[in-house]
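Close look at the chain arrangement
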Amino acid sequence: MKKIQLLILNCLIIVLSSCDSFLDIVPDDIATIDNAFTMRAQAEKYLFTCYYYLPAHGLLEANPAIAGGDELYITESFRSAAHVHAWYISHNMQSSARPRCDYWTGADQQNNKSLYQGISDCNIFLDNIQKVPDMTQAEKDRWAAEVRFLKAYYHYWLIRMYGPIPIMDVNIPVNAGEDEVKVFRNTIDECFDYVINTLTEIIDSNHLPDKIMNEAEELGRITQGIAMAIRAEVMVTAASPLFNGNADYKGYTDSRGVEIFNPNKSDQEKKQRWIDAAEACKQAIEFLKAQGHDLYRYTSLEYTISDQTRAKMNIRNIVTEKWNPEIIWANSNSIIGQLQDHAIPRGLEPGKEGNASVGGNLAVPLKIADLFYTKNGVPITEDKTWNYDDRFELRKATADDKYFIKEGYTTASINFDREVRYYASLGFDGAIWFGQGVTDETKPIYVQSKQGQSAANQISNSWNETGIWPKKLVHFKSVVGQTSGFTKITYPFPVMRLGNLYLLYAEALNESGASKADVLTWVDLIRERAGLDGVEESWDAYTNNKKYETVDGRREIIQQERGIELAFEAQRFWDLRRWKLAYQEQNKPITGWNTQYSTNEDYYTEQLIYTQEFRIRNYFWPILDKELYSNKNLVQNYGW
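Looking at the overall build of the protein
Per the secondary structure count, the protein includes 25 helices and ten strands. Radius of gyration (C-alpha) of the protein: 25 Å, near the 26 Å computed for a compact globule of 640 residues. Expressed as lengths along the three principal axes of its C-alpha atoms, the size of the protein is roughly 75 × 55 × 50 Å. Here the protein, with 640 residues, has 62% of them falling under the buried criterion. Counting contacts in the protein only where the partners sit at least 6 residues apart, residues at least 24 apart contribute 70% of the total. With an accessible surface of roughly 23500 Å², the protein has 48% of that area assigned to carbon and sulfur atoms. In the protein, which carries 68 positive and 86 negative side-chain charges, the distance between the mean positions of the two groups comes to 2 Å.

Brief notes about the confidence of the model for the protein
Parts of the prediction with low pLDDT should not have their coordinates interpreted in detail. On average, the protein scores 93 in pLDDT, and the residues at 70 or more come to 95%. Ignoring residues within four places in sequence, the model shows residues 1–31, a span with pLDDT below 50, making 70 contacts including any to other chains.

Considering the pattern of salt bridges
What the rule picks out here adds up to 51 salt bridges. The partner of R395 in a salt bridge is D417, and the shortest N-O contact between them spans 3.1 Å. Taken together, the residues R395 in strand β2 (residues 394–396) and D417 in the loop between β3 (410–412) and α17 (420–425) connect sequence positions 22 residues apart. D417 sits in the partly exposed class, given a relative accessible area of 25%. When salt bridges that share partners are traced, they join E326, E419, R421, K472, R497, R527, R529, E561, E565 and E569 into one network.

Some remarks on the packing of helix α18 (residues 498–511) against helix α21 (residues 551–565)
Their axes nearest at 10 Å, the elements α18 and α21 cross at an angle of 165°. The angle between the axes of α18 and α21 places the two elements in the roughly antiparallel class. Of the two elements, α18 crosses α21, and the hand of that crossing is left-handed. Every residue of α21 that contacts α18 at N500, L503, L504, A506, E507, N510 and E511 is listed here: V551, R554, R555, I558, E561, R562 and E565. Its residues assigned to classes, the contact of α18 with α21 comprises five nonpolar, two polar and seven charged.

Here's the deal with helix α20 (residues 535–542)
What α20 keeps buried is the set V535, S538 and W539. Here the buried residues of α20 occupy an arc of 95° about the axis, which is enough to place them on one side. Those residues of α20 that are buried are in contact with α19 (516–529) and α21.

What counts as what
- Residues numbered from 1 in each chain as written.
- Predicted model: local features only at pLDDT ≥ 70, side-chain atom pairs only at ≥ 80, totals over all residues.
- Heavy atoms only, no water.
- Helix = DSSP H or I, 4+ residues; strand = E, 2+ residues; numbered from the N terminus.
- Rg over C-alpha atoms; globule rule 2.2 N^0.38 Å.
- Buried < 20%, exposed > 50% of the residue type's maximum accessible area, 1.4 Å probe, protein only.
- Contact = heavy atoms within 4.5 Å.
- Areas by Shrake-Rupley, 256 points an atom, 1.4 Å probe, with all protein chains shown as cover.
- Lys, Arg positive; Asp, Glu negative; His and termini not counted.
- Charge placed at Lys NZ, Arg CZ, Asp CG, Glu CD.
- pLDDT = per-residue confidence, 0-100.
- Salt bridge = Lys/Arg side-chain N within 4 Å of Asp/Glu carboxyl O.
- Axes fitted to C-alpha atoms, helices over the stretch in contact; angles between N-to-C directions.
- Parallel < 35°, antiparallel > 145°, perpendicular 65-115°, else oblique.
- Left-handed = near helix turned anticlockwise from the far one by under 90°.
- Nonpolar A, V, L, I, M, F, W, Y, C, P; charged D, E, K, R; others polar.
- Arc of directions from axis to C-beta.

Written as structure tokens, this is what we have:
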């Protein structure tokens, strides 16, 4: 069967996909669309085909938000070996001749499927599901609601990447004329309104289950709570500066003279987007709480551990403890194994350096480490009790530090007196690494990454440029073998969790004019789980400012809180873009420790690794040149 390139030559064709994974789902004897819907079993396979197009949220080579920004750095050698095309995006090497991570056409291959092809298959499903004879009407309605959600989500994914896109609510018929085939891009408001209205109709229909009852077979399928939470995220995104009356695109028109970015909006029109988004967040939170969702806490008594370690586990397990009460939607088709391989140091335990199953290639830049608060819950640049200027000075850990840093070990001052999320999320030279087969806190594993030590860089395909690892992504029960093998406790990648939704709600409340108390309530719930006092108490006690009193100040606090709480969860990449802060943040240098040295004095000097460059054009993907040649009604994105 032939591959479909949609929207250009392609919208006319409504045949089945030819991807190998698709052939695993649809049996060879289904020769026509009609046959695909003659029985429930056949139709169910087509339902799973619609799910197949979900982006692989947890794959380095598929999700540009993991390694395409400034949160994790990888070497060119590892990029080549693992086919991580997001590396080109982080290095300002995107191209309209070959857009990397191209979900419009799927032409980039590395697990990037054409979402327009997926949307077409969703449309086919919706056109035919009511014909299936051996299904109840309730089941047909549920499946149709799931596929309508997927279709809306695929549109949303494309909007975040490309900005205004052609909406494909129905497939273009085979006998369509040339004018029908050569579509225009809809305006950005039309795009978001289409997705939001579709999700609202799905939610109002009540055809989705409130929660998954058959967990053994259906976890990961769409529920009412997922639809409500994603609608809230979409509406916050639509209200954000990149998309909401962005004057940077004033005068940017298509051949009809239409300003496709809707740059001309009043302040009240912009604010209304935030008001609507806040209401959507509120509705989602209330519904999800009623279904039993709550912020995760590690309550297991399996191990005798200190309060400090339990506090770290409250954070570290949010992502890795699959289907915990905080998880709203996890992609069960994106199971996290590869990320664990490269989030843990090779040679974490002395004597295991020869185990090539562990790569340790995911490097956290120092500027991301800087993002985390002090133990007092305020930025390291604002805490009047924390010496920012001396953060690279050497300091030896004492008994008071032993649950965070190896007692007696010398490391940089930047690693001391930080909040619990710092130690739960990061692995660094001298850091205690609980788990991985060792749970006796009197004999802990700790990172030793200077030259001559077990976790030092030695082999090009196991090379961490900064000397800092994203420990948060490694399940604490995954165990590295002595000479080979890595027995991993895998988990589905969390697409949406309650902590994320709380912070989206706080953001929307702040921008819509809600009171300080209403806004900070939701931030403080996140901080409480991290063992921190509330924003107001912390800023009053440990800084010389009261920025929480203003909308701008609270915005800054919420943005930093999201950066910390959601670190390495593929959120920062999109957040910086929608806030229009990528140009500011991704033009800062990527730095780390001087990992080629063995002494403390040499190792703990800040080393320039890469001078990152982000241009205004990088806010949106280029459309593949071939698409523009085929359809002169499509206008290329700015700068490409």
